[in-house]
Amino acid sequence: MKIVSAELLAVAAKEQQYPPEGPPEIAFVGRSNVGKSSLLNLLAGRKALAKVSGSPGKTRTINFYEVNGGKFRIVDLPGYGYAKVAKSESAGWGTMIERYMLGRKTLKKAVMLCDIRHEPSAQDVQMYGWLAHYGMDGLIAATKADKVPRSALVRHAQAIRKALVAGQDAVIVPVSALKKTGVGELLAEIGKALNE
Ligand SMILES: Nc1nc2c(ncn2[C@@H]2O[C@H](COP(=O)(O)OP(=O)(O)OP(=O)(O)O)[C@@H](O)[C@H]2O)c(=O)[nH]1
Ligand SMILES: [Mg+2]
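(A) Main features of the site of ligand 1. Around ligand 1, a shell composed of 24 residues is seen, among which Gly 35, Ser 37, Ser 38, Thr 59 and Gly 79 lie nearest. Among the elements that take part in the shell around ligand 1, helix 1 (residues 36–44) stands out by supplying three residues, more than any other.

This is the structure we're talking about:
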């Protein structure tokens, strides 16, 4: 599968701002700063489709992107686990993510993003368990793969698998927005999920 076009369709802070349900949606889930927006730009082959920032908490809304002229959508969710955000606001995001994920009939699959350098956080583990409960687990993008030596990629991926309690059948794709690697494999997995 290839992405030939991607456009921002809607920016939503609440349900009323979601675009009407249409093509199947693939959601990007992960902690703040893990590289969700960068991964979207990488897959789309666009530098600045989604805003990327060195300071966590950049994406604070649910951003819907229309891909390949409406064949499917990628949904960039706000990152969780950003300590500097007020508790009340952070709880609001949790609710926002949960509402979208539970209520959206056209949500097909989640891509869970984990920084390949680090053990998943307690919130990552919780999020993955939650995805598993709703049958949306099984696809993990291990981001910032350029930050570990190639020889250590498998070891790091296995550590993520173990910490998330993901089964052997879960697919972990190392990706790097910097080196532009992992695109083909991740898109192939997304393609499979869309055809299920
Ligand atoms: N070295 C390296 N840095 C990356 C990679 N992907 C993202 N980054 C950096 O990580 C930071 C966060 O990236 P974003 O894509 O904004 O992360 P996000 O998950 O969308 O963050 P929020 O919107 O806050 O949830 C930025 O400084 C990026 O340049 C990567 O593959 N390699
Ligand atoms: Mg973002």
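(B) Looking closely at the sheet that holds strand 6 (residues 139–143). Strand order in the open sheet made by the seven strands is 1-3-4-2-5-6-7, with mixed pairing throughout. Single-partner strands in this sheet number two, and they are strand 1 (6–12) and strand 7 (171–174). On average, each strand axis in the sheet is inclined to that of its neighbour by 25 degrees, with strand direction left out of account. Bridge count between strand 2 (residues 25–29) and strand 4 (residues 72–76): four bridges; the pairing is parallel. Looking at the pairing, Phe 28 lines up with Asp 76 of strand 4. On top of the sheet, helix 1 reaches strand 1, strand 2, strand 3 (62–67), strand 4, strand 5 (107–115) and strand 6; it is set at about 155 degrees to strand 4, its chief contact.

(C) The nonpolar core, seen in detail. Ranked by internal contacts, the top residues of the largest apolar core, which has 46 residues, are Phe 28, Met 112 and Ala 142. Tallying contributions element by element places strand 5 first for this core, with five residues. Once residues within four sequence positions are removed from consideration, Ala 142 is found in contact with Cys 114, Ile 116, His 156, Ala 157, Ile 160, Ile 172, Val 173, Pro 174 and Val 175.

(D) Looking closely at helix 3 (residues 122–133). End to end, helix 3 covers 16 Å across twelve residues, agreeing with the expected 16 Å (1.5 Å per residue, within 8%). Residues of helix 3 that are buried: Asp 124, Met 127, Tyr 128 and Leu 131. All buried residues of helix 3 fall inside an arc of 95 degrees around its axis, so they share one side. The exposed residues of helix 3 that point more than 90 degrees off its buried face are Ala 122 and His 133. One or two residues past the end of helix 3 sits Gly 135, with phi positive at roughly 70 degrees.

(E) Local environment of unusual backbone geometry. Here Val 165, not a glycine, exhibits a phi torsion of approximately 55 degrees, which is positive. Counting through the fold element by element, Val 165 comes out in the loop between helix 4 (153–164) and strand 7. By the C-beta count within 10 Å, which is 13 here, Val 165 ends up partly exposed. Its identity as a non-glycine residue notwithstanding, Lys 180 has a phi of 60 degrees, on the positive side. Mapped onto the elements, Lys 180 comes out in the loop between strand 7 and helix 5 (183–195).

Parameters at a glance
- Residues numbered from 1 in each chain as written.
- Chains lettered and ligands numbered in written order.
- Predicted model: local features only at pLDDT ≥ 70, side-chain atom pairs only at ≥ 80, totals over all residues.
- Near = placed C-beta within 6 Å.
- Helix = DSSP H or I, 4+ residues; strand = E, 2+ residues; numbered from the N terminus.
- Pairing = 2+ DSSP bridges.
- Axes fitted to C-alpha atoms, helices over the stretch in contact; angles between N-to-C directions.
- Contact = placed C-beta atoms within 7 Å.
- Core = buried A, V, L, I, M, F, W, Y, C linked by C-beta atoms within 7 Å.
- Buried ≥ 20, exposed ≤ 12 C-beta atoms within 10 Å, placed from the backbone.
- Expected span 1.5 Å × (residues − 1).
- Arc of directions from axis to C-beta.

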